[in-house]
Amino acid sequence: MGVHFGVSTFFVFCLLALSANAREFRITARPGSDITGELSKLFKEACQCVDKSTVLIPKGEFKLGEIEMMGPCKAPIIFVLQGTVRADGNVNGKDFWVAFRRITNFRLNGGGIFDGEGNASWRANNCHKTSLTQCKRLPISIRFDYITDGKVRDITSLDAKNFHINVIGAKNLTFEDIRIVAPDESPNTDGIHVGRSDGIKIINTNIKTGDDCISVGDGMKNLLVERVTCGPGHGISIGSLGLYGHEEDVTGVKVVNCTLRNTDNGVRIKTWPSAACSTTASGIHFENIILQNVSNPILIDQEYCPWNRC
């Protein structure tokens, strides 16, 4: 028998929780269960609370399907992942697995793991061999869209099918003590991709993956990358820029005190030839970078054209 929760029900539930000093919304399913439905319901309830609330996934391994956690919420949200959530093998659904969207005062932490189960799906990813407009796009593991005043700390992204983490439209969002892991042969598994955002920090993070450890898309302003260890991977990249029309300028990028080991590239700026738009990358600072066994330590490429696609 289904249960319907209206807005008024959410409000009453939160008031009762607050009166008992219990603002935690905890997954109760047994390990091994699919928690997609329960998590969606709990997040909606927490989002309607008038005071700060916590959504908790406890220790254990759980199955998780595509899920979108959408704000705006009435108060700050803390999302705690202590266990491991595993994606299914679906590659024909949406362009994301887990999405946090339009939330202000957001926190994600807990030491847990987002396991994208990408190994079986990488064979379907041909984006590194064909036109980006024609290739089959696999789901990004974790999206942070239009997050304001947020912090993501102490989580692991494992074996993403596509990008591990994608950020767009964010303002004042910090990533700290993040662990990203995928084999060096995994295609298009950028560690953290940021674009069209302002005030992003990536600090004290370890990235091992099959593509760029950090990639910076158009419209990025005021990005700090500090104490990041990269390798294997393709390095830390501004771009690629200029492939699409209506791209925005990149400005104010600072990469400091980072170490790159066993990577194809170190730090680079890459733009497409015969760009579809006029885009400027300015105010770019690479400082105190340690490079060990790196094929192309510093690379500024204004004719970026992988796989002869131009």
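Residues numbered from 1 in each chain as written. Predicted model: local features only at pLDDT ≥ 70, side-chain atom pairs only at ≥ 80, totals over all residues. Heavy atoms only, no water.

Within an unreviewed UniProt entry, the label attached to the chain reads Polygalacturonase, and the organism entered is Brassica oleracea var. oleracea. A UniProt comment under Sequence similarities (unreviewed entry) is attached to the chain, and it reads "Belongs to the glycosyl hydrolase 28 family." As stated in UniProt under Subcellular location (unreviewed entry), the record for the chain gives "Secreted, Cell wall". (UniProt positions renumbered as here; feature names shortened; annotations may be inferred.)

Novice: Hey, could you go over the side chain of Glu-176 for me, with residue numbers and the actual values?
Specialist: Tracing the backbone through its elements, the reader meets Glu-176 in strand S14 (residues 171-176). Separated by 3.1 Å, the side chains of Glu-176 and Lys-151 make a polar contact. When residues no more than four places from it in sequence are discounted, the contact partners of Glu-176 are Lys-151, Val-152, Arg-153, Asp-154, Ile-203 and Thr-205. (Helix = DSSP H or I, 4+ residues; strand = E, 2+ residues; numbered from the N terminus. Polar contact = N/O pair within 3.5 Å; in protein donor to acceptor, adjacent residues only side chain to side chain. Contact = heavy atoms within 4.5 Å.)

Novice: Run through the sheet that holds strand S24 (residues 296-301), naming residues and quoting values.
Specialist: Across the sheet, which stays open at both edges, the 9 strands sit in the order S4-S7-S10-S13-S16-S18-S20-S22-S24 with parallel pairing between neighbours. This sheet does not close on itself; its edge strands, each paired only once, are strand S4 (67-70) and S24. Across the sheet, the mean angle from the axis of one strand to that of its neighbour is 15°, orientation sign disregarded. Bridge count for strand S20 (residues 236-241) against strand S22 (residues 265-271) is 4 bridges, and the pairing is parallel. (Pairing = 2+ DSSP bridges. Axes fitted to C-alpha atoms, helices over the stretch in contact; angles between N-to-C directions.)

Novice: Go over the UniProt feature "active site" (unreviewed entry) in the chain with me, naming the residues and quoting the values.
Specialist: If you check UniProt for "active site" (unreviewed entry), the listed places come out as His-234 in our numbering. Looking at where His-234 falls in the secondary structure, it is placed in the loop between strand S19 (221-230) and S20. Given a relative accessible area of 22%, His-234 falls into the partly exposed group. Contacts of His-234, omitting those with residues within four sequence positions, involve Gly-210, Asp-211, Asp-212, Asp-264, Asn-265 and Arg-268. A polar atom in the side chain of His-234 sits 3.2 Å from the backbone oxygen of Gly-210. (Buried < 20%, exposed > 50% of the residue type's maximum accessible area, 1.4 Å probe, protein only.)

Novice: Account for the packing of aromatic side chains, with residues named and values stated.
Specialist: Inspection of every chain in the model, using the stated rule, returns 6 aromatic pairs. Look at Phe-100 and Phe-144: their rings are 5.6 Å apart centre to centre, the planes differ by 15°, and that puts the pair in the stacked class. Note that Phe-100 is positioned in strand S7 (residues 96-101) and Phe-144 in strand S10 (residues 140-145), a separation of 44 residues in sequence. For the pair formed by Phe-100 and Phe-144, the shared burial category is buried. Summarising the aromatic geometry, the rings of Phe-144 and Phe-175 are spaced 5.5 Å apart at their centres and angled 75° between planes, so their arrangement reads as edge-to-face. With a gap of 31 residues between them, Phe-144 in strand S10 and Phe-175 in strand S14 connect regions that are remote in the sequence. A single burial state applies to Phe-144 and to Phe-175, both of which are buried. What links up through ring pairs into an aromatic cluster is the set Phe-79, Phe-100, Phe-106, Phe-144 and Phe-175. Lying over the aromatic face of Phe-96, Arg-101 brings its terminal NZ or CZ to 4.7 Å of the ring centre. (Phe/Tyr/Trp six-rings, centres within 6.5 Å; stacked < 30°, edge-to-face > 60°. Lys NZ or Arg CZ within 6 Å of the ring centre and 35° of its normal.)

Novice: Before we move on, can you summarise the nonpolar core with the specific residues and values?
Specialist: Ranked by internal contacts, the top residues of the largest apolar core, which has 63 residues, are Phe-79, Phe-100, Phe-144, Phe-175 and Ile-200. Counting the residues that make up this core, at least three belong to each of domain 1 (23-121 + 138-177) and domain 2 (212-309). (Core = buried A, V, L, I, M, F, W, Y, C linked by side-chain atoms within 4.5 Å. Domains from an automatic or database assignment.)

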